[in-house]
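Listed below are the residues making up each chain.
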Amino acid sequence: MELPAGWVWARLGDLLREPLRNGHSARSTKEPGGVRTLSLSAVTQDDFSDRNTKITSADQGRVSDLWLEAGDILIQRSNTPELVGTSAIYRGPDRWAIFPDLLIRVRLDARVDSRYVALFLRSRRARSYFKSRAKGLAGSMPKIDQATINGLEIPVPPLAEQHRIVEALEGYLSRLDAAGATVHNSRKRLVNLRKSVLLDIVPEKVPDSWTASTVEQAGTVELGRARHPDWHHGPEMHPYLRVANVFEDRIDTSDVMEMDFSGIFEKYRLHPGDVLLNEGQSPHLVGRPALYRGTPPNVAFTNSLLRFKANPDVMPEWALMVFRRHLHARRFMREVRITTNIAHLSSKRLKVVEFPIPPLDVQKQLVMRCDELLSGIDVMDREAARTLARADTLRRAVLSRAFAGALVPQDPTDEPATALLARIQAERAAQPKAKRARRAPAAPRKAKAPATTAPVPAPTPAPAHAVQQEFDL
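Residues numbered from 1 in each chain as written. Predicted model: local features only at pLDDT ≥ 70, side-chain atom pairs only at ≥ 80, totals over all residues. Heavy atoms only, no water.

This brings us to the overall build of the protein chain. Summing up its helical and strand segments, the protein chain has 11 helices and 22 strands in all. Here the C-alpha radius of gyration of the protein chain, 35 Å, is well above what a compact globule of 473 residues would show, namely 23 Å. Referenced to the eigenvectors of the C-alpha coordinate spread, the extents of the protein chain come out at roughly 130 × 100 × 55 Å. When the 473 residues of the protein chain are sorted by exposure, 41% land in the buried category. Contacts in the protein chain between residues at least 24 apart in sequence constitute 80% of all its contacts with a sequence separation of at least 6. In the form shown here, the protein chain has an accessible surface area of approximately 27600 Å², with 54% of it arising from carbon and sulfur atoms. Of the charged side chains in the protein chain, 69 are positive and 55 negative, and the gap between their average positions amounts to 4 Å. (Helix = DSSP H or I, 4+ residues; strand = E, 2+ residues; numbered from the N terminus. Rg over C-alpha atoms; globule rule 2.2 N^0.38 Å. Buried < 20%, exposed > 50% of the residue type's maximum accessible area, 1.4 Å probe, protein only. Contact = heavy atoms within 4.5 Å. Areas by Shrake-Rupley, 256 points an atom, 1.4 Å probe, with all protein chains shown as cover. Lys, Arg positive; Asp, Glu negative; His and termini not counted. Charge placed at Lys NZ, Arg CZ, Asp CG, Glu CD.)

What follows concerns the confidence of the model for the protein chain. In this model, the protein chain carries a mean pLDDT of 90, and residues with pLDDT of at least 70 account for 90%. Across residues 448-473, confidence stays below pLDDT 50; counting only partners more than four residues off in sequence or on other chains, it has 0 contacts. (pLDDT = per-residue confidence, 0-100.)

Where helix α8 (residues 316-328) contacts helix α10 (residues 360-402), the axes come no closer than 9 Å and their chain directions differ by 60°. In this view, α8 runs oblique relative to α10, as classed from their interaxial angle. Considering how the two elements wind past one another, α8 and α10 form a crossing that is left-handed. Counted together, E317, W318, M321 and R324 of α8 and Q363, L366, V367, C370 and L374 of α10 form the full contact between these two elements. (Axes fitted to C-alpha atoms, helices over the stretch in contact; angles between N-to-C directions. Parallel < 35°, antiparallel > 145°, perpendicular 65-115°, else oblique. Left-handed = near helix turned anticlockwise from the far one by under 90°.)

Next up on the list: the pairing of strand β19 (residues 305-310). Sheet topology places strand β10 (residues 219-223) next to β19; 5 bridges connect them, and they run antiparallel. Opposite E222, over in β19, you have R307 as the bridge partner. Sheet topology places strand β15 (residues 275-278) next to β19; 4 bridges connect them, and they run antiparallel. Bridge pairing in β19 links N278 to L305. (Pairing = 2+ DSSP bridges.)

Among the nonpolar cores identified, the biggest contains 47 residues, and I73, V106, V117, I149, L152, I154 and L169 are the most heavily contacted of them. The contact partners of L169, leaving out residues within four places of it in the chain, are L119, S174, V398, L399, A402, F403 and L407. Residues V215, V322, V367 and L374 belong to the second largest nonpolar core, which totals 37 residues. (Core = buried A, V, L, I, M, F, W, Y, C linked by side-chain atoms within 4.5 Å.)

You can see D260 is positioned in strand β14 (residues 257-260). Although D260 is buried, it forms no salt bridge, and the closest oppositely charged side chain is R225 at an N-O distance of 6.0 Å. When near neighbours in sequence (up to four residues on either side) are disregarded, D260 contacts R225, W231, H233, G234, P235, E236 and M237. (Salt bridge = Lys/Arg side-chain N within 4 Å of Asp/Glu carboxyl O.)

Between two packed helices, both the angle of their axes relative to each other and the distance between the axes serve to describe the pair. Here helix α5 (residues 159-201) crosses α10 at 170°, and the two axes come no closer than 10 Å. Classified by the angle between their axes, α5 and α10 sit roughly antiparallel to one another. In this structure, the crossing between α5 and α10 has a hand that is left-handed. Here the residues of the contact of α5 with α10 sort into 25 nonpolar, 3 polar and 8 charged. (Nonpolar A, V, L, I, M, F, W, Y, C, P; charged D, E, K, R; others polar.)

Time to look at the sheet that holds strand β21 (residues 342-344). Spatial strand order, β16-β21-β20: 3 strands in an open sheet with antiparallel pairing. With one partner strand each, in any of the chains shown, β16 (280-281) and β20 (337-339) form the two edges of the open sheet. For β20 and β21, the ladder comprises 3 bridges, and the chain directions are antiparallel. Its bridge partner lying in β21, T339 is registered against I342.

This next bit is on the packing of aromatic side chains. In total, this model carries 12 aromatic pairs according to the counting rule given. Look at F261 and Y268: their rings are 6.4 Å apart centre to centre, the planes differ by 55°, and that puts the pair in the tilted class. For the pair shown, F261 and Y268 are each scored as buried. Centre to centre, the rings of Y268 and F301 are 6.2 Å apart; their planes meet at 70°, and the pair counts as edge-to-face. Here the residue Y268 occupies a position in helix α7 (residues 265-268), and F301 occupies one in strand β18 (residues 300-301), the gap between them amounting to 33 residues. (Phe/Tyr/Trp six-rings, centres within 6.5 Å; stacked < 30°, edge-to-face > 60°.)

Here we come to the pattern of salt bridges. Taken as a whole, this structure holds 33 salt bridges when the rule is applied. When the shortest N-O distance is used, the salt bridge between D381 and R187 registers 2.8 Å. One end of the pair, D381, is in helix α10; the other, R187, is in helix α5, with 194 residues separating them in the sequence. A relative accessible area of 18% means that D381 is categorised as buried. Classification of R187 by relative accessible area gives partly exposed; the value is 27%. Through salt bridges with shared partners, a single ionic network connects R17, E18, E69, D72, R105 and R107.

Pairing is mixed across the open sheet formed by 3 strands, whose spatial order is β14-β11-β18. Two strands bound the open sheet, and with one partner strand each, they are β14 and β18. Pairing of strand β11 (residues 237-241) with β14 involves 4 bridges; the strand directions are antiparallel. Counted as the bridge partner of Y240 is M257 from β14.

This is how it looks when you write it as structure tokens:
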């Protein structure tokens, strides 16, 4: 990317007042004299308040250089692929808190506007840079190191223009953030409205004309087939659905896997009208249901899902409404068991859950009414989602223009960034190099005590009578 006159590319490491620094993590404590430490969520949420801190047993002497100052930038060195490299600028009081080991502190030279750098770290260029260089073993969180952060290239304008860009960006982004917050709140209200519709149509108190039943009495419940590496290849490969495919009233077919179902495919084959529920999920999502309507065809399901097959007196669409009602009312959460942070809803526990059954004609009427109400809510929700997507696109576009020099006009009287960087480098070169602290000489080793040995035997005495013999040569 070609930069405007007066701008220059620089590595982040060339703009620092002091080297990058990893934080320090310690156990929480209630003892007096503890150290206030930020949590990782402080950066994720860009919220440096009490709710994102904890008091730890960190050694005061060991963390004396980890106290934060206003203007410090914190970068997440380890997190999920979407969040690794996420950053935020600290605006709180000096020496109020330290930061944990999963964060890296960036402390910039005073001749660089830290707000400008913090905003650049939110740009697509910076986020893509960190994401592409994050490394980690299989099953572990990806990580970035200090060398990666130091090597990030930043377009640096003159300092006066940095201030103008920050002022303009903060105005645009604050308006976008306010609009986004309004839309997010609207979506939360839609969630509550959807819940109200389901709770109203499927009441907790069963009317006298309905049958108070259980899931087991209303149909059959089956668990899918377990996955195994031996079945990744075989003569009867078929697609299957798993928990990642089943959302509320929606089956995602963008990532459907296959495995060998030799001789048992018909047992696990799905049929239109089957209701699938998440067997293993986070606690508030366990039991999330969707109705299989024949797409994709000839597909099976795994043991991360439960299948409900309704009896003839129960419409599959009514069964879906009952299960959605239980999901939003958190009825399933009362039946789950937690293992390794995953909630499980066993077929045995699902079978005893309440299942009201109205007459078939009433089921049809209620299903139609529910579809009308929920379809209107879904339309509003999709429009809100599109609005948020447009806001994200606009945010990226504004940031891109800002760091290409196209958001605010350049002033030819501004001191060019090359002069600014030259002074930073000259002052850094003139500073004496910090000497490594010498290790205290090791204490002399104590001489080992000689090993205990058996006493040397006394010499054998010479014979009392010696006989000398002579031989002819």
